[in-house]
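Tertiary structure, described
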Amino acid sequence: MRTDHSKTTASPALIFWIIAGWVGYLILPWYGVEDGFFSFEWLIDGYPFDDDYAPAAFLIGQGEKLWLAPLLLPLLAPLLVLRLKKSDPNYARILILAGAAGFAWLMAQGFGIGIRGFTADWLVALFGELDDRQYGMGYGGLLVASAFLFLFTQGIAARGAINGDVFVVSAIGGVIVIVTTFVFFPIAKMLFAAFVTEDGSYSAMVFASKFFDDRLWGIGCLYGARCGAAWNSLFLAITVGVLTTVLGLVFALVVTRSGFRHKRALRALTVLPIITPPFVIGLALILLFGLSGTVTQFVSDLFGLQPTRWLYGMPGVLIAQTLAFTPIAFLVLIGVVEGVSPSMEEAAQTLRANRWQTFRTVSLPLMRPGLANAFLLGFIESMADFGNPLVLGGNFDVLSTEIFFAIVGAQYDQGRAAVLAMVLLFFTLSAFYAQRMWLGKKSYTTVSGKGDAGVHPLMPKGLAIPVFLAAGIWGLFTVVVYGMILYGSVVELWGVNNTLTFKHYVTAFSVRIEDSGIRWSGAAWDSFWTTIYIAAAAAPLTAIVGLVTAYLLTRQTFAGKNAFEFGTMLSFAIPGTVIGVSYILAFNVPPIEITGTGIILIVSFIFRNMPVGVRAGIASMSQLDKSLDESSLTLGANSWQTFRKIILPLLRPAILAALVYSFVRAMTAISAVIFLVSAEYDMATSYIIGRVENNDYGLAIAYSTTLIFVMLGAVGLLQLLVGRTKIGRRTQFGSGEKP
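Residues numbered from 1 in each chain as written. Predicted model: local features only at pLDDT ≥ 70, side-chain atom pairs only at ≥ 80, totals over all residues. Heavy atoms only, no water.

Focus on the overall build of the protein chain
Looking only at helices and strands, the protein chain has 32 helices and six strands in total. Considering only contacts in the protein chain between residues 6 or more positions apart, those separated by 24 or more positions represent 74%. A total accessible area of about 33300 Å² is found for the protein chain, and carbon and sulfur atoms account for 65% of it. (Helix = DSSP H or I, 4+ residues; strand = E, 2+ residues; numbered from the N terminus. Contact = heavy atoms within 4.5 Å. Areas by Shrake-Rupley, 256 points an atom, 1.4 Å probe, with all protein chains shown as cover.)

Comments concerning unusual backbone geometry
Among all residues save glycine, negative phi is the norm, and among peptide bonds the norm is trans. Pro591 follows Pro590 through a cis peptide bond whose omega is 10 degrees. Structurally, the position occupied by Pro591 is in the loop between helix 25 (576-586) and helix 26 (598-621). Its identity as a non-glycine residue notwithstanding, Ile162 has a phi of 50 degrees, on the positive side. Its place among the elements puts Ile162 in the loop between helix 6 (139-158) and helix 7 (166-191). What makes Ile162 partly exposed here is its relative accessible area of 24%. (Buried < 20%, exposed > 50% of the residue type's maximum accessible area, 1.4 Å probe, protein only.)

Describing helix 17 (residues 368-384)
For helix 17, which comprises 17 residues, the first-to-last C-alpha distance of 24 Å matches the rise-based estimate of 24 Å (1.5 Å per residue) to within 8%. Counting buried positions along helix 17 yields 16 of 17 residues, so the element is predominantly enclosed. (Expected span 1.5 Å × (residues − 1).)

Describing the packing of helix 27 (residues 627-634) against helix 28 (residues 639-647)
Running from amino to carboxyl end, helix 27 crosses helix 28 at an angle of 125 degrees, the nearest separation of the two axes being 10 Å. Viewed along their axes, helix 27 and helix 28 adopt a mutual orientation that is oblique. Of the two elements, helix 27 crosses helix 28, and the hand of that crossing is right-handed. Where helix 27 approaches helix 28, its residues Leu628, Asp629, Ser632 and Leu633 are matched on the opposing element by Ser639, Thr642, Ile646 and Ile647. Looking at the contact of helix 27 with helix 28, its residues break down into four nonpolar, three polar and one charged. (Axes fitted to C-alpha atoms, helices over the stretch in contact; angles between N-to-C directions. Parallel < 35°, antiparallel > 145°, perpendicular 65-115°, else oblique. Left-handed = near helix turned anticlockwise from the far one by under 90°. Nonpolar A, V, L, I, M, F, W, Y, C, P; charged D, E, K, R; others polar.)

Let's talk about the packing of aromatic side chains
Under the definition given, this model contains 37 aromatic pairs. Note on Phe16 and Trp17: the rings are 4.9 Å apart at their centroids and 80 degrees apart in plane angle, and the pair reads as edge-to-face. Each ring, one from Trp520 and one from Trp525, has its centre 4.6 Å from the other, and the planes form 65 degrees; the classification is edge-to-face. Overall, Trp525 belongs to the buried group, its relative accessible area being 10%. Members of the aromatic cluster, each reached through a chain of ring pairs, are Phe195, Phe207, Phe211, Phe212, Trp217, Trp231, Phe426 and Phe427. Across the ring face of Tyr312, the terminal group of Arg309 is positioned such that the distance to the ring centre comes to 4.5 Å. Here the basic side chain of Arg691 rests over the ring of Tyr687, its NZ or CZ set 5.6 Å away from the ring centre. (Phe/Tyr/Trp six-rings, centres within 6.5 Å; stacked < 30°, edge-to-face > 60°. Lys NZ or Arg CZ within 6 Å of the ring centre and 35° of its normal.)

Describing a nonpolar patch on the surface
Nonpolar side chains collect at one region of the surface, where Val295, Phe298, Val299, Leu302, Phe303 and Leu305 lie side by side and expose about 580 Å² of accessible area between them. By the secondary structure assignment, Phe298 is in helix 13 (residues 294-303). (Patch = residues over 30% accessible without salt bridge, like charges linked within 9 Å, V, L, I, M, F, W, Y side chains within 5 Å. Salt bridge = Lys/Arg side-chain N within 4 Å of Asp/Glu carboxyl O.)

Quick word on the side chain of Ser527
Structurally, Ser527 is set in helix 23 (residues 525-555). The buried category is assigned to Ser527, whose relative accessible area is 4%. A distance of 3.0 Å separates a polar side-chain atom of Ser527 from the backbone oxygen of Ala524. (Polar contact = N/O pair within 3.5 Å; in protein donor to acceptor, adjacent residues only side chain to side chain.)

Here's the deal with helix 6
Helical geometry: 3.6 residues make up each α-helical turn, so side chains three or four residues apart lie on a common side. Its 20 residues give helix 6 an end-to-end C-alpha distance of 28 Å, which sits within 8% of 28 Å, the value for a rise of 1.5 Å per residue. For helix 6, the buried fraction is high: 16 of the 20 residues fall into the buried class. Residue Gly160 follows helix 6 closely and has a positive phi angle near 105 degrees.

Let's talk about the confidence of the model for the protein chain
Of the residues in the protein chain, 89% have a pLDDT of 70 or more, and the chain-wide mean is 82. Across the protein chain, the element-wise mean pLDDT spans from 68 in helix 15 (residues 342-350) up to 96 in helix 3 (residues 72-76). Note on residues 1-6: pLDDT under 50 across the span, and one contact to partners over four residues away in sequence or across chains. When the criterion is pLDDT under 50, residues 725-739 qualifies, and its contacts beyond four places in sequence or with other chains add up to 38 contacts. (pLDDT = per-residue confidence, 0-100.)

Observations concerning the environment of Glu129
Along the chain, Glu129 turns up in the loop between helix 5 (121-127) and helix 6. According to the relative accessible area criterion, Glu129 is exposed, its value standing at 65%. In this structure, the C-alpha to C-alpha distance between Glu129 and Phe118, residues eleven residues apart in sequence, is 7.5 Å.

Some details on the pattern of salt bridges
For the structure shown, the criterion picks out six salt bridges. Across the pair Arg665 and Glu381 runs a salt bridge whose closest N-O atoms are separated by 2.5 Å. Highlighted residues: Arg665 in helix 29 (residues 652-668) and Glu381 in helix 17, separated in sequence by 284 residues. With its nearest N and O atoms 3.8 Å apart, the salt bridge here joins Asp696 to Arg691.

Section: the side chain of Arg665
Within the local environment of Arg665, its side chain forms a polar contact with the side chain of Glu381, the two groups lying 2.5 Å apart. Excluding residues that lie within four positions of it along the chain, Arg665 makes contacts with Ile328, Glu381, Phe605 and Asn609.

Focus: the packing of helix 14 (residues 314-339) against helix 21 (residues 461-488)
As a packed pair, helix 14 and helix 21 sit with axes 12 Å apart at the nearest point and diverge in direction by 100 degrees. For the element pair helix 14 / helix 21, the angle class is roughly perpendicular. Side by side, helix 14 and helix 21 meet where Ile319, Thr322, Leu323 and Thr326 of the first sit next to Trp474, Phe477, Thr478 and Val481 of the second. Partitioned by chemical class, the residues of the contact of helix 14 with helix 21 number five nonpolar, three polar and no charged.

Okay, here's the thing in structure tokens:
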């Protein structure tokens, strides 16, 4: 009897990961190379016999690192399933056991053996002193770990999890592992410091003494004294969240629901603050409203009033944060406002509803996911921001600056910083769950597989007047702030000697043509190219991880979904200062030893900015009818094909939001960067901060201005490449848009 082997043919994904595991074990350097993750000098520097560059198989063959030998068994086991049917119980059983055992052993030996041998006293007591050591894993270790993970997820899928969908199960497994590794693990390591005593032991009393500190919870503001940092942060974050959401909606309505002819210019204007280092906005506000500021002196001379320092404190921080974070709300809301189906609004008008009734009862309720997400992001951004409070805070203490000074100050109190971070995390997670409760389980789907040739109605006049007034005032204020920044970059000494000069740009970005070629002689070029390189690498990875996560959260149902969503938002709720320090503590030793490298900067940006891609994707996907997915699956496409060909093309606003936000935040981030930069990988913002500390304001502002123009060009290019999602086929007459 002939045996039909057609159904035993292994899937391409299975073959790929089996080969990948063997390549990592037999060919690639197992440990991290000294020249850096992105360097390939090891190919001509003793590879493969040099201990620093040898693959695991060569190390074992030389009688070294014998603890890597047990990995051979879980690498061999998957070969047994190549001739098995997927329906055979042994197919799933072998893949699950091999993947789980291999990954578990890889982690156990990585955490158990470090650069000084065994990492725990009980291991020394059990096995004796180890005369060998190991460093962080490199290409080989990373590839083998990935192979074990995805062999395991394929086994889980083969057992019928999520209808046996390999793509969905693998995506869930991949996101869980990377979020656990780069969010939960470093944060947990940092937070444990809240219970550490001076002798290295753990005590709840140490935590209690720091948690109930009067500087944290003081309510002296009720009696005219200073409030505690916790209450200051909470009130500021709520106010900023409301203001940024309202302003973001205002600009989104002007762009999508009006006949305003200069929409492209308005889009560029609303994005400007997000591509500016926050301390530069603070300096511009000081120049305008400080004790010797232009506006302050003008008002003082006009009305004979005594200038005051009103800007320093809650008012200044509120203005700066609202200016800085409104673009985030706009980027989230523009996709949601555009995504409301025009046919539903036209149906309301057909039923004799006027424009105001249509907006209030149809359009606005369908924007609730975007409004909730915009508020949440504004709230969290305000909580985590420390650049603006550092420049303008004065005596107005907030959690982020208190954490910063606890870490970098003379006290260097990691325990206090950890306690403050826990309080901040409680506030941000409370906002997260309040947002979920407000949205509830209602459906906000407006885009289905049916054709939609409608057109969005214009705003009612009663709404258009205050919207245009608010947009005009805030837009004019933004123009003035950026005019001051530009002016400050071309004067001799900002606020003292106003002679026009380009010397700051020359000092930072001069170029020489020599016999050997172009020489980038400017002082800022090294940090500039490093920043471009790191941001360009982080942006697409951030968008990919964020949108895949959003797809899983909105289109799939699986156990632990709420915990999964919590994990993806956790990194955004922690201040950058804590992220930076926790990464140093977690990734300065094996098994992941990347401190001082470019990869740690890329990783920190990916997981710091990933929640924006997640929230933007969730807000947009909540409007896409699941019948689109079902139709695609019915026609024979798998989940990967459906995601790539159906979902992604309809998510252009969300993709653009994720790309733009992650790129510009990588270019302008400072709180985490200040801890993670090294001599080889110096970022633009850390260089600018160094110039500010040396009172070289002209060069700092000139550098910041250059970054603004570079990022404007990048934003325009990304918008051109990604394009726009057009739901209707008609446009409004006189809207300024080409048909």
